[in-house]
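So you can see what is in the structure, the chains are spelled out below.
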Amino acid sequence: MASLKIPATIPLPEEDSEQLYKAFKGWGTNEGMIISILAHRNAAQRSFIRAVYAANYNKDLLKELDREFSGDFERAVMLWTLDPTERDAYLANESTKMFTKNIWVLVEIACTRPSLEFFKAKQAYHARYKTSLEEDVAYHTSGDVRKLLVPLVSTFRYDGNADEVNVKLARSEAKILHKKITEKAYTDEDLIRILTTRSKAQINATLNHFKDKFGSSINKFLKEDSNDDYVQLLKTAIKCLTYPEKYFEKVLRRAINKMGTDEWALTRVVTTRAEVDMERIKEEYLRRNSVPLDRAIAQDTSGDYKNMLLALLGHDHA
């Protein structure tokens, strides 16, 4: 369930486009108007607005936003206005260019998106960058990291559901995972094959069997080698595949609680999850931190940037 508040009566895309056009004109842009429109429209509505804006004014709405704004507010509005698959393509490409710092973003996208959505993001990547995501990931990585990341971004998982789980397979693959991890064979082909090809429902069943049989979760087994970058990547993939709301809560907690806010991480999570699972993330954040997420963000941000994020969380009282 999304947090996003959509007004009971939605203006037509023509009306929204006209209001946006007026917001850009005159002395100083009307940021409040931009937020009141874009932050309260879903992905399909935003796509219509972009198309109508281009048709009526012969201008690209994204370029208008880029020209008028800067900093964190601009990034938040731009990422939000993009189609979700375009946004993922953009974030993935950005990640390949900043690999040591942003490698986690690729794992996040590959492991938390439904299969078809991720496939469409890779198509958008083709169209925008004239290369494949797989090609760029392979080029920018090496060694163990490449061995995990390339199949992770190449896969087209069967989405599946709990009713379709193969219990016998889950038991046998839980044993395989335990054997490889106790041997510290973290780059073993079978371990990577299981995590990069099985459906999320199947992986959840396998990891539940793992915990029941061996007494701890797989990530607890990996904890002693947490300082290893590859193992951290492995743990991130597992968390994203099994408990995405816990993964995103941790990203937000670190983004807000560190010395100086990590606005890039904060913006990415809010804009990519507002229409997906933000309610679950907010519940997890409150459970973990005893502070509502909107209050934590309000205390840590300011101005139009704060107003945009709170609107996407459904707390701007619009």
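Residues numbered from 1 in each chain as written. Predicted model: local features only at pLDDT ≥ 70, side-chain atom pairs only at ≥ 80, totals over all residues. Heavy atoms only, no water.

Taking an unreviewed UniProt entry as the reference, the chain is identified by name as Annexin belonging to Arabidopsis lyrata subsp. lyrata.

Draft legend 1. Seen up close, the overall build of the chain. Assigned secondary structure in the chain consists of 20 helices and zero strands. Along the first, second and third principal axes, the C-alpha set of the chain runs to 65 × 45 × 40 Å. Looking at the chain as a whole, 49% of its 318 residues qualify as buried. Excluding contacts between residues fewer than 6 apart, the proportion of contacts in the chain whose partners are at least 24 apart in sequence is 71%. (Helix = DSSP H or I, 4+ residues; strand = E, 2+ residues; numbered from the N terminus. Buried < 20%, exposed > 50% of the residue type's maximum accessible area, 1.4 Å probe, protein only. Contact = heavy atoms within 4.5 Å.)

Draft legend 2. Representation of the pattern of salt bridges. If you walk through the whole model with that rule in mind, you get 21 salt bridges. When the shortest N-O distance is used, the salt bridge between K184 and D225 registers 2.9 Å. In this pair, K184 is assigned in the loop between helix 11 (167-182) and helix 12 (189-197) and D225 in the loop between helix 14 (218-221) and helix 15 (229-242), connecting sequence segments 41 residues apart. Bridged by salt links that share partners, the residues E173, D190, R193 and R198 form one connected network. (Salt bridge = Lys/Arg side-chain N within 4 Å of Asp/Glu carboxyl O.)

Draft legend 3. Highlighting the domain arrangement of the chain. By domain assignment, the chain separates into domain 1 (13-68), domain 2 (85-154), domain 3 (162-242) and domain 4 (244-313). A separation of 28 Å is found between the C-alpha centroids of domain 3 and domain 4. (Domains from an automatic or database assignment.)

Draft legend 4. Quick look at the UniProt feature "binding site: Ca(2+) 3" (unreviewed entry) in the chain. In this numbering, the UniProt entry assigns the feature "binding site: Ca(2+) 3" (unreviewed entry) to A298. Mapped onto the elements of the fold, A298 is located in helix 19 (residues 293-300). Here A298 is in contact with K306 and L310, once residues within four sequence places are set aside. (UniProt positions renumbered as here; feature names shortened; annotations may be inferred.)

Draft legend 5. Spatial organisation of the packing of aromatic side chains. The full count for this structure, using the stated rule, is 10 aromatic pairs. Here a set of aromatic residues connected by ring pairs shows up, and it is made of Y21, F24, Y53 and Y57. When the ring centre of W80 is taken as origin, the NZ or CZ atom of R46, which lies over that ring, is 3.7 Å away. A cation over a ring is seen here: K246 above Y243, with NZ or CZ 4.6 Å from the ring centre. (Phe/Tyr/Trp six-rings, centres within 6.5 Å; stacked < 30°, edge-to-face > 60°. Lys NZ or Arg CZ within 6 Å of the ring centre and 35° of its normal.)

Draft legend 6. Spatial organisation of the packing of helix 12 against helix 15. It is the contact of helix 12 with helix 15, at a shortest axis distance of 10 Å, that shows an interaxial angle of 35°. Crossing angle aside, the handedness with which helix 12 passes helix 15 is left-handed. Contact with helix 12, carried on its side by L191, I192 and L195, involves Y230, L234, I238 and L241 of helix 15 and no other residues of that element. (Axes fitted to C-alpha atoms, helices over the stretch in contact; angles between N-to-C directions. Left-handed = near helix turned anticlockwise from the far one by under 90°.)

Draft legend 7. Highlighting helix 5 (residues 71-81). Among the 11 residues in helix 5, eight count as buried, and that is most of the element. Those residues of helix 5 that sit buried are F73, E74, R75, A76, V77, L79, W80 and T81. Tucked into the core, helix 5 has its buried residues touching helix 2 (31-38), helix 3 (43-57), helix 4 (61-68), helix 6 (84-97), helix 17 (263-273) and helix 20 (303-313).

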